[in-house]
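Residue strings, one per chain:
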Amino acid sequence: MTAMVEAKGVHKLFGDLHVLKGVDLTVEQGEVCVVLGPSGSGKSTLIRCINELEQISAGRMFVDGELMGLKEVRGRLHRLSDKEIARQRSKVGMVFQRFNLFPHMTALENVMEAPRQVRRLDKAAAERIAREQLERVGLSDRADHYPSQLSGGQQQRVAIARALAMEPDLMLFDEPTSALDPELVGEVLAVMKSLAASGMTMIVVTHEVGFAREVADNVVFMDDGVIVEQGTPAQVIDAPREARTRDFFDKVL
Amino acid sequence: MPQPTPELIHARPVPRPSLWIWAGIVVVLVAMLVNGLLTNPNYHWDVVAEFLFDPRVVSALGWTLLLTVGAMLLGITLAITTAIMRMGTNPILRGVSWVYIWFFRGTPIYTQLVFWGLLPVLYPKLSLGIPFGPEWFVFDTQDVINAGVAAVLGLGLNEGAYLSEIVRSGLNSVDKGQWEASTALGMKRSTTLRRIVIPQAMRVIVPPTGNETISMLKTTSLVLAVPFTLELTFVTNAIGNRNFLPIPLLIVAAIYYLVITSILMVGQHFLEAYYGRGFDTEGTVRTKPVKGMSKRQRAILASGTVHPDPNAEVTP
């Protein structure tokens with residue numbers, strides 16, 4: 001079985017700033033991978049490289065066995081066209097720290113938008129999918145609300161439904177609870193847990209160590225653009241081998 | 001337990017005698033002005049009344065409105081096209097758009113209008129065909145670009161350059177996260193623009209466009225440079241010169257410009273109320289409904305994804 005995500009020696013430079021310094025990561029199908037680490041360690045950049053929101057500077061990124069953003073023709077690398085990259089992206093769902101819902105559309109319209117515009121479904125089919133996904137995140141009764149009429153937690157759940165409506169093979173979460181008031185974090189984590197239980201492959205960048213301990217199959221600890229340590233939650237969080245990992249968890253726990 | 005109502009403060013406001021002094025001064029000045037306007041025979045109010053609904057004047061007003069609408073439609077089309085070109089990924093199109101704005105903003109509109117009028121002299125024949133190759137259709141430039149077309153082209157191309165900057169600042173004002181979200185969903189650039197970015201950019205684009213329309217109404221008087229001689233300023237001037245009574249005819253024209261501008265201002269007020277009110281720069285949710293705004297529009301404004309932009313455009 002091919003791995004869902006395979007990063008091989010991935011580097012990312014923003015000008016002179018070396019953010020990712022050779023990351024190797026494998027995420028198997030159905031696995032929940034939680035990426036922890038201090039701010040500026042490159043964890044957000046890593047997942048943004050997976051769906052080509054950032055172009056990697058060196059190395060290779062494979063999703064479901066497919067090289068992302070590039071193709072090799074007769075030994076030379078060529079960039080993919082916008083259309084081809086859009087196709088690759090449509091199989092990867094992403095949830096952002098700041099939700100980024102479309103403010104001029106209701107919750108239902110937000111979820112219907114990509115099935116309509118990208119998958120080219122007709123209105124009835126898109127609406128059926130959208131209602132299913134809103135049901136899944138427990139927001140059927142908020143379908144006709146605009147984002148501004150929803151709480152942060154509800155907005156983030158709509159954002160999750162919106163990503164799921166594309167029926168992705170992989171879901172990326174970029175600090176999904178960091179912008180939420182503390183009392184709203186639980187409802188979003190609950191949705192993510194049920195999603196993990198349904199067998200979705202997930203990569204989650206977060207500061208929620210409790211979530212990592214409970215849900216993660218694999219915990220990755222990053223610092224300064226490299227993966228310092230990875231393994232089961234028990235290994236990495238409770239019995240870290242590296243000094244940097246130990247330092248971090250001493251501070252956050 | 002019910003709270004007892006406290007004794008409310010009913011204090012006298014700070015006296016402001018300057019308010020009354022200024023009111024007095026303004027009343028006297030206005031009275032002098034009105035008296036002067038009505039009693040001074042040189043204004044010839046009877047002539048003003050005579051020509052206000054003269055068929056030539058009314059038809060000239062129609063032409064002025066037609067030029068305004070035509071030029072604004074052409075300008076808006078060009079503005080959206082060039083603004084998108086300038087934000088795009090194609091460096092050639094970015095360059096073309098930059099040069100267009102640079103040239104048409106950088107040269108006087110009067111000069112541009114003279115050139116459009118001279119086009120039939122510069123290029124007597126227009127043809128369709130392969131560059132440097134065979135020609136299939138040949139027109140007399142005079143037939144295709146008559147004075148009216150030249151006037152709309154001249155005004156519209158100039159306006160497009162100004163509006164392009166307004167549209168661009170509107171597109172830029174939409175939060176980057178909106179682009180990222182739609183890109184991550186697999187939407188193409190064009191779809192993202194059409195479905196996500198432009199609807200949100202309208203808040204920033206519409207009010208200054210209303211302002212530009214008011215400005216255009218009066219800029220149409222410059223088309224005598226083409227020369228196009230059917231619009232309001234030219235026609236009233238011509239009548240005034242023939243009667244040796246230029247002043248009452250200037251007043252006729254001014255009255256019409258004021259009336260149309262007032263109507264446009266009312267329209268602009270409602271557009272601004274629709275697109276601009278209830279907007280909060282802090283991005284906090286404001287759910288208080290604003291009269292005259294759709295639910296959809298309120299939702300955009302309350303989201304805080306559209307940032308205010310100081311695009312104080314300079315009118316030509």
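Computed from a prediction, not measured in an experiment: that's the story for all the values here. (Residues numbered from 1 in each chain as written. Chains lettered and ligands numbered in written order. Predicted model: local features only at pLDDT ≥ 70, side-chain atom pairs only at ≥ 80, totals over all residues. Heavy atoms only, no water.)

Caption draft 1: How the structure looks around the interface of chain B and chain A. Between chain B and chain A, the contact holds 27 residues from the first and 27 residues from the second. Taken over both partners, the interface formed by chain B and chain A buries close to 2300 Å², and the fraction arising from carbon and sulfur atoms is 62%. Among the residues chain B hides against chain A, the three largest losses belong to B:E180, B:A184 and B:L185. Together they make up 25% of the total. Our count for the contact surface shared by chain B and chain A stands at three salt bridges. Our enumeration of links across chain B and chain A arrives at seven residue pairs in polar contact (both at pLDDT 80 or more). Within the residue set of the side of chain B that touches chain A, elements represented by two or more residues are α8 (176-184), α9 (189-219) and α12 (295-303) of chain B. By residue number, the principal contributor to the side of chain B that touches chain A is α8(B), which donates seven residues. (Contact = heavy atoms within 4.5 Å. Buried area = accessible area lost by both parts, 1.4 Å probe. Salt bridge = Lys/Arg side-chain N within 4 Å of Asp/Glu carboxyl O. Polar contact = N/O pair within 3.5 Å; in protein donor to acceptor, adjacent residues only side chain to side chain. Helix = DSSP H or I, 4+ residues; strand = E, 2+ residues; numbered from the N terminus.)

Caption draft 2: Focus on the sheet that holds strand β3 (residues 32-36) of chain A. All names here are of chain A. Strand order in the open sheet made by the six strands is β8-β9-β10-β3-β11-β12, with mixed pairing throughout. What marks the edges here is a single partner per strand, and that holds for β8 (92-95) and β12 (226-231). Across this sheet, the average inter-strand angle for adjacent strands is 20°, counted without regard to direction. Where β8 and strand β9 (residues 170-174) come together, four bridges link them in parallel fashion. Residue M94 lies in a different strand from β9, and its bridge partner there is L172. Its contacts with the sheet put helix α6 (residues 182-197) on β3, β9 and β10 (201-205), and the angle it makes with β10 is roughly 150°. (Pairing = 2+ DSSP bridges. Axes fitted to C-alpha atoms, helices over the stretch in contact; angles between N-to-C directions.)

Caption draft 3: Representation of unusual backbone geometry in the model. Omega for the peptide link from B:V226 to B:P227 comes to 5°, which places this bond in the cis form. The topology assignment puts B:P227 in the loop between α9 and α10 (232-243). Although it is not a glycine, A:R74 sits at a positive phi angle of roughly 45°. Within the secondary structure, A:R74 sits in the loop between β6 (70-73) and β7 (76-79).

Caption draft 4: The arrangement of the packing of helix α7 (residues 147-172) of chain B against α9(B) in detail. Residues and elements named next belong to chain B. As a packed pair, α7 and α9 sit with axes 8 Å apart at the nearest point and diverge in direction by 140°. On the basis of the axis angle, α7 is oblique to α9. Considering the relative orientation of α7 and α9, their crossing is right-handed. Mapping the contact onto sequence places L155, E159, Y162, L163, I166, V167, S169, G170 and L171 in α7 and L193, V197, I198, A201, V204, I205, P208, T209, E212, M216 and T219 in α9. Per-class residue counts for the contact of α7 with α9 are 14 nonpolar, four polar and two charged. (Parallel < 35°, antiparallel > 145°, perpendicular 65-115°, else oblique. Left-handed = near helix turned anticlockwise from the far one by under 90°. Nonpolar A, V, L, I, M, F, W, Y, C, P; charged D, E, K, R; others polar.)

Caption draft 5: Representation of the pairing of strand β2 (residues 17-27) of chain A in the model. All names here are of chain A. Where strand β1 (residues 5-14) lies against β2, eight bridges are found, and the strand directions are antiparallel. Paired with V5 across the two strands is V27, which belongs to β2. Between β1 and β2, which pair antiparallel one after the other, the connecting turn spans two residues, and G15 there sits at a positive phi close to 60°.

Caption draft 6: Structural context of the packing of aromatic side chains. All names here are of chain A. Scanning the model with the defined rule gives eight aromatic pairs over all chains in all. Aromatic side chains F221 and F249 sit 6.0 Å apart centroid to centroid with 45° between the ring planes, which places their arrangement in the tilted category. Here F221 is found in strand β11 (residues 218-223), whereas its partner F249 is found in helix α9 (residues 243-252), with 28 residues between them in sequence. There is no split in this pair, since F221 and F249 are both buried. Aromatic side chains F248 and F249 sit 5.2 Å apart centroid to centroid with 75° between the ring planes, which places their arrangement in the edge-to-face category. As far as the burial class goes, F248 and F249 line up, both buried. (Phe/Tyr/Trp six-rings, centres within 6.5 Å; stacked < 30°, edge-to-face > 60°. Buried < 20%, exposed > 50% of the residue type's maximum accessible area, 1.4 Å probe, protein only.)

Caption draft 7: Expanded view of the sheet that holds β1(A). Residue and element names in this part refer to chain A. Read from one edge to the other, the open sheet built from four strands follows the order β2-β1-β4-β5, with strand pairing classed as antiparallel. If you trace the sheet from one side to the other, it starts and ends with β2 and β5 (66-67), each paired once. Bridging between β1 and strand β4 (residues 58-63) involves five bridges; their strand directions are antiparallel. If you follow E6 over to β4, its bridge partner there is F62.

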